[in-house]
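A closer look at the structure
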Amino acid sequence: MNILALLRARFKPVLQPLADDAGPLLEMIRPAGDPKFGDYQANFAMGLAKKLGKSPRDLATEVVAAVNVEDICETPEVAGPGFINLKLREEWIQQQLQNAKTDSRIGIEKVEAPRTYVVDYSSPNVAKPMHVGHIRSTVIGDALCRTLKFVGHSVISDNHLGDWGTQFGMIIYGYKHFADKDAYKAAPVPELSRIYREVRGLMDYFDAKKELPQLIEKLAERTAEYEAAKNAPEPADKAEAKKQKKEVGRFQSQIGDLNEAIESTKAKIAKTEDSPELKKLAEAHAEISTAVLQETVKLHEGDAENIALWKEFLPFCEDEIKRVYERLNVTFDHQLGESFYHDRLAAVVEDFERRGLAKESQGATCVFLDGFKAPMIIRKRDGAFLYSTTDLATIAYRMEHWKPDAILYVVDFRQGEHFDKLFAATRLWGYTDIELKHVSFGTVMGDDGKPFKTRSGDTVGLEGLLDEAVSRAYKVVSEGDERQPDGPKLDEAQRKQISETVGIAALKYGDLSQNRETDYTFSYDKMLALNGNTATYMQYAYARVQNIFRKGEVDIEALRSSGATITVEHPAERQLAMAILRFSEALDDVLLDYRPNYLTNYLFDQLAKSYSSFYDQCEVLSAGTEEQKNSRLLLCDLTARVIQQGLDLLGIQTVDKM
Ligand code: ARG
């Protein structure tokens, strides 16, 4: 049961005759911001009255007289200029809790019109180790899949692996030129990683050498522009003068950025040139960037040796990511990587050409799209296909085989333009009846305000990140504190096991609790804090309830199925009850724009906080009467079950003790 949806459904027949589209009016029925206005509030009367030429208060009074909510609410109140305040009846609340008590879905109904979703997430480029950047796509995608499924949609998860790109050209080149074959035989994955890093390092070095003079030239240009703008006579017009000042500031900050870029580029060059060994290696592989591209092209053209190497390497790469997914408890229905679509790409381009949707421009095949400056290239001049071509082929395949109503792409915000174009091209291609959504996310930052890197400046490997979170969780669990007394008493094996759950949970929740579109600063301390909006706190709240049951020797399952009833007389009980019953609304909020942080907000700000004040104000085990004790135990139980279900939708497990 979803209270908001229920109330809106009751108002609908009253509002429909009054407006062409009742939808926006119904959306103006919302949870009340302040409990003194009741539980829900409707403020459509003000706007609507104007259109109908009535006084808002009169209109609100008429609506209140006509609407049928008696069974749910006390008599609605018209307040101020025409607000309608709705307060739920105590008996009704109690009845809903009663229903939830024995319901495995805690009262959450499935959607009336289930849709089919394809969720494209994680999708790392394999052949290089997974890094911190992959955590976001993986955990956000997983949480969305779980939530969509729970509310009744069909979900097809697909890990669109980058298993066919330049990174394979890189390891093929590296394998041919500087692999330690014995090391590879003994342990292929570490050796492949080493090769990848070596090739990457050389390519970065040559890129940096190429870039440096360009940066220096740009700096000279900007400096000249800056001088000119600074020394120009100040315009008499105030607005013009302001504009000029702004421009000077802009040049100044660009100069700052360029200087920074020059420094880091120089450092990259020095790293190789200061080491005689690396310098010799670089001299021996001066053409590495072209050579890597050639190896990639040969692979795509079906060269027998490169295909054989690719086939040999790929399973190692897949095993590598599988280990991470197992630890994260993430699974996929499909793992159709880029290579799967290779044979379909030519047909995609031909189809675009045949329908007159693509044109040749400077030898390349391009799709020109309204509203975009540059076209989308689907075949390069040299005949090579692109990331975009693969994505088009992927859409066609998904449509043909899975017939989805929506495809969600959980991918870094930097690919925004790619997806804008891809979606426009897809519509042009004729797929108009599908929701295509780039569920975009920002960057994980370090303390220094820059993308999170290790001290030596390397990207942070995902496995190392998991290990560190788990080892810090172990400390938190082992130390315990006065409110979290179990940990230190547990034996080593239990603590280890709990730490794995708590550590991974902290990492996931730390990510999911952020607005996905903004960058966030990574901090182990913050995400493992026992206070605040963290998984650790939510898991602790859950364990605390289980502790009450243990202490009171309560057989909670028996109590659930007994005739014991729930009453909500104390204001703190009522507030907790409302929080429990609003779980369904939180799930709606998550799915409206695919934002898991609405669920973490709900769990922390509404549920956990209401529970805390309930626990502070209402005796549970030592309640005045047996009825009251049972009612409160059942409220505790519902709270714990919503926490458990909510965390489960985020891909997070609970523990009974911590
Ligand atoms: N492999 C790509 C990357 O790491 C992400 C793929 C996202 N999915 C897609 N269908 N394009 O950047």
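Reading guide: rules and limits
Residues numbered from 1 in each chain as written. Predicted model: local features only at pLDDT ≥ 70, side-chain atom pairs only at ≥ 80, totals over all residues. Helix = DSSP H or I, 4+ residues; strand = E, 2+ residues; numbered from the N terminus. Buried ≥ 20, exposed ≤ 12 C-beta atoms within 10 Å, placed from the backbone. Contact = placed C-beta atoms within 7 Å. UniProt positions renumbered as here; feature names shortened; annotations may be inferred. Pairing = 2+ DSSP bridges. Axes fitted to C-alpha atoms, helices over the stretch in contact; angles between N-to-C directions. Parallel < 35°, antiparallel > 145°, perpendicular 65-115°, else oblique. Nonpolar A, V, L, I, M, F, W, Y, C, P; charged D, E, K, R; others polar. Domains from an automatic or database assignment. Left-handed = near helix turned anticlockwise from the far one by under 90°. Near = placed C-beta within 6 Å. Expected span 1.5 Å × (residues − 1). Arc of directions from axis to C-beta. Right-handed = clockwise from strand over helix to strand, strands pointing away.

With respect to the overall build of the protein chain
- Looking only at helices and strands, the protein chain features 25 helices and 13 strands.
- Along the first, second and third principal axes, the C-alpha set of the protein chain runs to 85 × 70 × 60 Å.
- Expressed as a percentage of the 658 residues in the protein chain, the buried residues total 37%.
- Within the protein chain, contacts between residues at least 6 apart in sequence are counted, and of these 72% link residues at least 24 apart.

What to know about the UniProt feature "domain: Arginyl tRNA synthetase N-terminal" (unreviewed entry) in the protein chain
- Summarizing the sequence annotation, UniProt attributes the feature "domain: Arginyl tRNA synthetase N-terminal" (unreviewed entry) to residues 5–88 in the numbering used throughout.
- Along residues 5–88 one finds 40% helix and 15% strand; the C-alpha atoms at either end are 14 Å apart.

With respect to helix H22 (residues 571–581)
- Among the residues making up H22, those that are buried are Glu 573, Arg 574, Leu 576, Ala 577, Ala 579, Ile 580 and Leu 581.
- On its buried face, H22 sits against helix H1 (3–15), helix H5 (90–101), helix H23 (583–592), helix H24 (597–617) and helix H25 (626–649).

So, the pairing of strand S4 (residues 83–86)
- Along S4, one buried face is formed by Phe 83 and Asn 85 and the opposite face, lined by Ile 84 and Leu 86, is buried too.
- Across 3 bridges, strand S2 (residues 40–42) lies against S4 in antiparallel orientation. For Gln 41, the partnering residue across the bridge sits in S4 and is Asn 85.
- The pairing of strand S3 (residues 77–79) with S4 spans 3 bridges and is classified as antiparallel. Within S4, the position partnered with Val 78 by the bridge is Ile 84.
- In this structure, the hairpin formed by S3 and S4 is closed by a connection of 3 residues, where Gly 80 is found at a positive phi of approximately 55°.

Here's the deal with the packing of helix H7 (residues 166–178) against helix H13 (residues 304–328)
- Relative to each other, H7 and H13 sit at 105°, their axes nearing to 10 Å. With respect to their mutual orientation, H7 and H13 come out roughly perpendicular. In contact with Phe 168, Ile 171, Ile 172 and Tyr 175 of H7, H13 contributes Asn 306, Leu 309, Trp 310 and Phe 313.
- In terms of residue class, the contact of H7 with H13 is made up of 7 nonpolar, 1 polar and no charged.

Remarks on the domain arrangement of the protein chain
- Entries for the protein chain in the domain assignment read domain 1 (3–88), domain 2 (167–307) and domain 3 (462–649).
- Relative to domain 3, the C-alpha centre of domain 1 lies at a distance of 34 Å.

Thoughts on the sheet that holds strand S5 (residues 116–120)
- Taken in spatial order, the 4 strands line up as S6-S5-S10-S11 in an open sheet, and their pairing is parallel. Single-partner strands in this sheet number two, and they are strand S6 (154–158) and strand S11 (435–441). Here the average twist between neighbouring strands, direction ignored, is 20°.
- Pairing between S5 and S6: 5 bridges, direction parallel. Paired with Thr 116 across the strands is Ser 154, a residue of S6.
- Here helix H15 (residues 387–402) sits on the sheet and contacts S5, S6 and strand S10 (406–412); the angle it forms with S5, its principal contact strand, is near 145°.
- Sheet strands in contact with helix H16 (residues 416–429) are S10 and S11, and its direction is about 180° off that of S11.

Remarks on the sheet that holds strand S9 (residues 376–379)
- Ordered by their spatial adjacency, 3 strands build an open sheet running S7-S8-S9, and the pairing between neighbours is antiparallel. Each having just a single partner strand, strand S7 (359–361) and S9 make up the two edges of the open sheet. The sheet shows a mean angle of 50° between the axes of neighbouring strands, direction not considered.
- Across 3 bridges, S7 lies against strand S8 (residues 364–367) in antiparallel orientation. Across the sheet, Glu 360 pairs through a bridge with Thr 365, a residue of S8.

Details of the packing of H15 against H16
- It is the contact of H15 with H16, at a shortest axis distance of 10 Å, that shows an interaxial angle of 50°. Regarding the angle of H15 to H16, the classification is oblique. Relative to H16, the crossing made by H15 is right-handed. Facing H15, whose interface residues are Ser 388, Asp 391, Leu 392 and Ile 395, H16 presents His 418, Leu 422, Ala 425 and Thr 426.
- Looking at side-chain class alone, the contact of H15 with H16 contains 4 nonpolar, 3 polar and 1 charged residues.

Observations concerning the site of the ligand
- In the neighbourhood of the ligand, the contacting residues comprise Asp 120, Ser 123, Pro 124, Asn 125, His 160, Gly 162, Asp 391, Thr 394, Tyr 409 and Val 411.
- For the shell around the ligand, the secondary-structure elements that each account for two or more residues are H15 and S10.
- For the shell around the ligand, the residue count by class is 3 nonpolar, 5 polar and 2 charged.

Re helix H17 (residues 462–479)
- Taking 1.5 Å of rise per residue, the 18 residues of H17 would be expected to cover 26 Å, and the 26 Å separating its terminal C-alpha atoms lies within 8% of that figure.
- Listing the buried residues of H17 in full gives Leu 462, Leu 465, Ala 469, Ala 473, Val 476 and Val 477. Around the axis of H17, the buried residues are gathered within 100° of arc, so they sit on the same side. Away from its buried face by more than 90 degrees, H17 exposes Ser 471, Lys 475 and Glu 479.
- Among the residues trailing H17, Gly 480 stands out with phi positive, at a value near 60°.

A short note on the pairing of S11
- As judged from the 7 bridges shared by S10 and S11, these two strands associate in the parallel manner. Its bridge partner being in S11, Tyr 409 is matched across the sheet by His 438.
- Read as a crossover between parallel neighbours, the route from S10 over H16 to S11 is right-handed.

What to know about the environment of Val 63
- The residue Val 63 is located in helix H4 (residues 56–66) in this model.
- Judged by C-beta crowding, with 22 C-beta atoms within 10 Å, Val 63 ranks as buried.
- Between the C-alpha atom of Val 63 and that of Gly 503, which follows or precedes it by 440 residues, the distance is 52 Å.
- In this view, Val 63 contacts Val 14, Ala 45 and Ile 84; residues no more than four positions away in its chain are not counted.

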